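Next come the chains, spelled out residue by residue.
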Amino acid sequence: MITFTINGEQQSLDVDPAMPILWVVREKLGMTGTKFGCGIAQCGACTVHLDGEPIRSCSMPLAAAEGREITTIEGISGEDGGINAVQEAWISEQVPQCGYCQSGQIMAATALLRDNPSPGDADIDAAMSGNICRCGTYKRIRQAIKVAAGIEQPSSEETAA
Amino acid sequence: MSELETKKSERSAAAKWSRRGFIGAGVLAGGALLIGVGVRPGNPVGKLAPLVAGGEGEQLVNSWVKIGADNIITAIVPHCEMGQGAHSVLAQMLADELDADWSMVEVMQAPTDGSYIISDTARLFAAPFTMNAADWLEPTWDGLFTQLGRLADVMITGGSSSIRSTGQYQMRIAGAAARKMLVGAAADEWGVPPGEIVTRDSTLIHEVSGKSAPYAQFAAAAAEQPMDSSPALKDPKNYRLMGKSKRRTDIPAKVTGKADFGMDAKIPGFDPADLSYAAVRRPPVPGTSVTAMDAEAAKNMPGVQQILNMSSFIAVVADGYWNASQALNAVTAEYSQSKSPIKTTADQFAAFAKALDDAGDDGGDMAASRGDAASTFDNAPTKLEAEYKAPFLAHAPMEPVNCTAWVRDTDEGAKCDIWTSTQVPLMARSAAAGALGIDADDITVHHPFLGGAFGRRLENDYVTMAARIAKATGYPVKMIWSREEDTQKALYRPADLSRFKGGLDADGKLVAYNNVFTQRHDPAEASVPGIYNIPNTSVRVAPAELHLPFSAWRSVDHSQQGFFIESFIDEAAHAAGADPLEYRLAMLGDNTERHKAVLEKVAEMSDWNAPRAKGTGKGVAIVESFGTVAAELIEVDLTSGKPKLLNVWTATDAGYVMNPDGFRNQIEGGIVFGLTAALYGEIDLVDGAAKQSNFHDYKMLRMDETPAIEVAIINSGAVPVGGAGEPGTPPAAPALANAIFAASGKRLREMPFAKQFT
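Residues numbered from 1 in each chain as written. Chains lettered and ligands numbered in written order. Predicted model: local features only at pLDDT ≥ 70, side-chain atom pairs only at ≥ 80, totals over all residues. Heavy atoms only, no water.

### Thoughts on the overall build of chain B
Turning to step 1, where the next piece is worked out: Across its full length, chain B holds 21 helices and 27 strands.
Turning to step 2, where the next piece is worked out: A separation threshold of at least 6 residues defines the contact pool for chain B, and within that pool the share at least 24 residues apart is 76%.
Turning to step 3, where the next piece is worked out: Carbon and sulfur atoms make up 51% of the accessible area of chain B, which totals about 26,100 Å². (Helix = DSSP H or I, 4+ residues; strand = E, 2+ residues; numbered from the N terminus. Contact = heavy atoms within 4.5 Å. Areas by Shrake-Rupley, 256 points an atom, 1.4 Å probe, with all protein chains shown as cover.)

Written as structure tokens, this is what we have:
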């Protein structure tokens, strides 16, 4: 039996402690916002927070979460229960294409901005280069991080044209 | 007819389609199943109605648009949403013609039903092969393509076609026809001439009498109005939604984790924790099968339910994907021997070289011919010869291949439900029907968002596998491929070898162009340097066997041919001692105003003539594909000894862009896709199997390597309008190779580039 907190709720599960957190979250808890991409911590699609730090859940056994706090994309809403500033920026900059990697991108960006409220390009490179976007939305991810940080103004439908 | 000529005739014929498209509204008027008509008894749309009907009081005006009692207008979109924004932009096109209130427009994925065959996409795909059909066939175009579409199960998302086909020829017509019917119904009720009624924000207004009503009020009556199969469409000056960067409707769900992809399929009535999962392994070498399997060690592992030897693959079914994949690792197997003589990458390229050697200077199948390329080359004062190589490539969408299937016996016989990410839901249905031996009508395909596709999900190999697993188990199973399986047992963008002989006259003008290569798939014109005026041209294909199976990969043949052609043109420019951009401008042939404009635009955007820092270089390439002309200009820095991408400037002309921000997003992504292939993309063969397995050795461009990208849009008004999804990709590799040459004098004739700088 492994006990941990996920998105603020305590959970105790009787599963193989070697099972990666990714599969526990997706299959045992039915939270499918966290994605399987590569299985070897190369793409970042499975990024969640463990005690606030971004980790690759495909390669982290559930045993590592014993007594700790997991946060997934389902658990990062803003203070009023709506979307947070990062998610808002992802919408204003129209970042996603297919969207499959974006849960992981947003989890990585959220952690970056908490640690560094005003990141420069090098900071963004360092924090985000573990996350692959096959649709190639990197330019917009960079811009959205700056918008979420308040460094750049958000685009509107009018300014985007 | 040479292909240079064919291309022109395709253009003019395509231009005529827009007119026939309205007759093609014959599909609308004639009651064919492709585009619905008003809901009336006996009308085929009756069959569609229950599939798309929702709340109380809703009326189906036609099969592409639904108006609810709450005045919510639902655009029913037949194309899949794989990140290209088709759902939103098609709704935009329909809503604009309908004068709908955009804030009250919703998008619905069309159900997988034969009635939703995308006839105009079929036409776009089939046209190059049937363009010479006799005039007497013209009136039956739509009937013909309806039949073709039905036969081929075309409900396809590919070829950068959503806006060009369904948007232009169906959604807009549907919106305009629905608007006209609503106006007609209100005019009858109010006893006023239809011409006095204006429409705005989903409201009918008769200003003289002061009457107004929401569309919903007349939806039922509108369904009884005659349908105009060729309603007047808006002039661009009256567009309110088209041409605007409306935000995409699919994005909010994609930032909260709520968007469902095929991977996230949930089975009604089943707790996700109780679902079964399959991990699969196919033989490593294409065309071989499983001859022996030892599952002793695996069968008692945790959670294992069944271990299946399906001959063409092995499947382990377990209570979760982790347990399934752990057990699969413990299964050993033997495979049959491949009959292919090709075992290595070197073998594959030797086979290509032999085909080209055999073809010589004039053999092979002629793709385009003009003048006398061979003798002009022989007599040219300056001769240029080059050979270019492109490797096999996997698609590597972020969502690994997966498919969930449930096959069960019911009182009405066997039924099957499929949940999967697919570009071709109707073909997926047929594939499952074939695998299961049941009627396609007994199969429902649920296809949520696609986590990328790029052509991979035009294939149904995985659907067949999942259907067979589910038939064997009798309970629902979610089959997931590992990333390794996805990379190594896939279908591939073909490798190819292309040889050029070019002759320059005394002025440096390219007057002879003799080219032969081995792979020709689609589009037919990709290998033809048709935008340039080269008086003696011979383009030939000498087919050679491919060891790995083919599938369309973003921009298909343009992905290799763009690199080959635009590198060779650059070599010719340098051989002539000319500026590569000026050289291209000087070489442009007839009807190339759009090409001239995009080249001049990127020159301006990049400050092409400004002095350049030592060790840096700029390169340009221009490719017309899928109706869009794209020039890309890349700046690279080689001072560290390795290429660092600084800037990409792009100018595009798609005729008219329906959603500029969405278009830009597609072009930006297409460029990154092309640059990834240019720098890193390579699938090697070892012992007949694909070598690269995951993102550590099949590398992707990442945030820290992505250059600044600037996209300019030129709306020239050219018709038919061009696509967005693919045209950004083909110019990227040659522009980078040309930039590297400008920076270093090093000519790269082989992709990928990065490993050539170690």
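### Describing the packing of helix H2 (residues 85-92) of chain A against helix H3 (residues 102-115) of chain A
Residues and elements named next belong to chain A.
Turning to step 1, where the next piece is worked out: As a packed pair, H2 and H3 sit with axes 9 Å apart at the nearest point and diverge in direction by 125°. Compared by their axis directions, H2 and H3 come out oblique. Pair H2 / H3 crosses with right-handed handedness. Listed contacts from H3 to Val86, Gln87 and Trp90 of H2 are Gln102, Gln105, Ile106, Ala109, Thr110 and Leu113. (Axes fitted to C-alpha atoms, helices over the stretch in contact; angles between N-to-C directions. Parallel < 35°, antiparallel > 145°, perpendicular 65-115°, else oblique. Left-handed = near helix turned anticlockwise from the far one by under 90°.)

### So, the interface of chain A and chain B
Turning to step 1, where the next piece is worked out: Between chain A and chain B, the contact holds 57 residues from the first and 64 residues from the second.
Turning to step 2, where the next piece is worked out: Around 5,100 Å² of area is buried between chain A and chain B when both sides are counted, 55% of it from carbon and sulfur atoms.
Turning to step 3, where the next piece is worked out: Counting across the interface, chain A meets chain B through 30 residue pairs in polar contact (both at pLDDT 80 or more).
Turning to step 4, where the next piece is worked out: Contributions of two or more residues to the side of chain A that touches chain B are made by helix H1 (21-28), H2, H3, helix H4 (121-128), helix H5 (138-148) and helix H6 (157-160) of chain A.
Turning to step 5, where the next piece is worked out: Of the residues that constitute the side of chain A that touches chain B, the class distribution is 26 nonpolar, 19 polar and 12 charged. (Buried area = accessible area lost by both parts, 1.4 Å probe. Polar contact = N/O pair within 3.5 Å; in protein donor to acceptor, adjacent residues only side chain to side chain. Nonpolar A, V, L, I, M, F, W, Y, C, P; charged D, E, K, R; others polar.)

### Focus: the sheet that holds strand S10 (residues 304-309) of chain B
Residues and elements named next belong to chain B.
Turning to step 1, where the next piece is worked out: Read from one edge to the other, the open sheet built from seven strands follows the order S10-S11-S8-S18-S15-S16-S17, with strand pairing classed as mixed. The sheet is open, and its two edges are formed by S10 and strand S17 (443-446), each paired on a single side. Across the sheet, the mean angle separating the axes of adjacent strands is 20° when strand polarity is ignored.
Turning to step 2, where the next piece is worked out: Examined bridge by bridge, strand S8 (residues 276-281) and strand S18 (residues 477-480) share four bridges and lie parallel to one another. Within the sheet, the bridge partner assigned to Ser276 lies in S18 and is Val477.
Turning to step 3, where the next piece is worked out: On top of the sheet, helix H14 (residues 425-436) reaches strand S15 (402-410), strand S16 (413-420) and S17; it is set at about 140° to S17, its chief contact. (Pairing = 2+ DSSP bridges.)

### Quick look at the sheet that holds strand S5 (residues 197-200) of chain B
Residue and element names in this part refer to chain B.
Turning to step 1, where the next piece is worked out: Here three strands make up an open sheet; going across it, the order is S5-S6-S7 and the pairing antiparallel. Here the strands that pair on one side only, and so sit at the sheet edges, are S5 and strand S7 (211-214). Neighbour-to-neighbour, the strand axes of the sheet open up by a mean angle of 20°, direction not taken into account.
Turning to step 2, where the next piece is worked out: Relative to S7, strand S6 (residues 203-206) is paired through four bridges, and the arrangement is antiparallel. Along S7, the bridge assignment pairs Thr203 with Pro214.

### Focus: the pairing of S10 of chain B
Turning to step 1, where the next piece is worked out: Of the pairings in the sheet, the one linking S10 of chain B to strand S11 (residues 314-318) of chain B comprises five bridges and is antiparallel in character. When the bridges of S11 of chain B are listed, Leu308 of chain B appears paired with Ala315 of chain B.

### Structural notes on the domain arrangement of chain A
Reports of interface size often rely on the accessible area that becomes lost once the parts have come together.
Residues and elements named next belong to chain A.
Turning to step 1, where the next piece is worked out: Examined at the domain level, chain A breaks down into domain 1 (2-75) and domain 2 (85-160).
Turning to step 2, where the next piece is worked out: On a C-alpha basis, the centroid separation for the pair domain 1 and domain 2 is 22 Å.
Turning to step 3, where the next piece is worked out: Between domain 1 and domain 2 the total buried area reaches about 1,200 Å² when both faces are included, carbon and sulfur atoms providing 54% of it.
Turning to step 4, where the next piece is worked out: Remark: the boundary between domain 1 and domain 2 carries one salt bridge.
Turning to step 5, where the next piece is worked out: Note that Arg114 and Glu53 form a salt bridge whose closest N and O atoms lie 3.4 Å from each other.
Turning to step 6, where the next piece is worked out: The tally of links from domain 1 across to domain 2 stands at seven residue pairs in polar contact (both at pLDDT 80 or more).
Turning to step 7, where the next piece is worked out: Among the elements of the structure, strand S3 (47-50) and strand S4 (53-56) are those that each provide at least two residues to the side of domain 1 that touches domain 2.
Turning to step 8, where the next piece is worked out: Looking at the side of domain 1 that touches domain 2 residue by residue, the class counts come to six nonpolar, eight polar and three charged. (Domains from an automatic or database assignment. Salt bridge = Lys/Arg side-chain N within 4 Å of Asp/Glu carboxyl O.)

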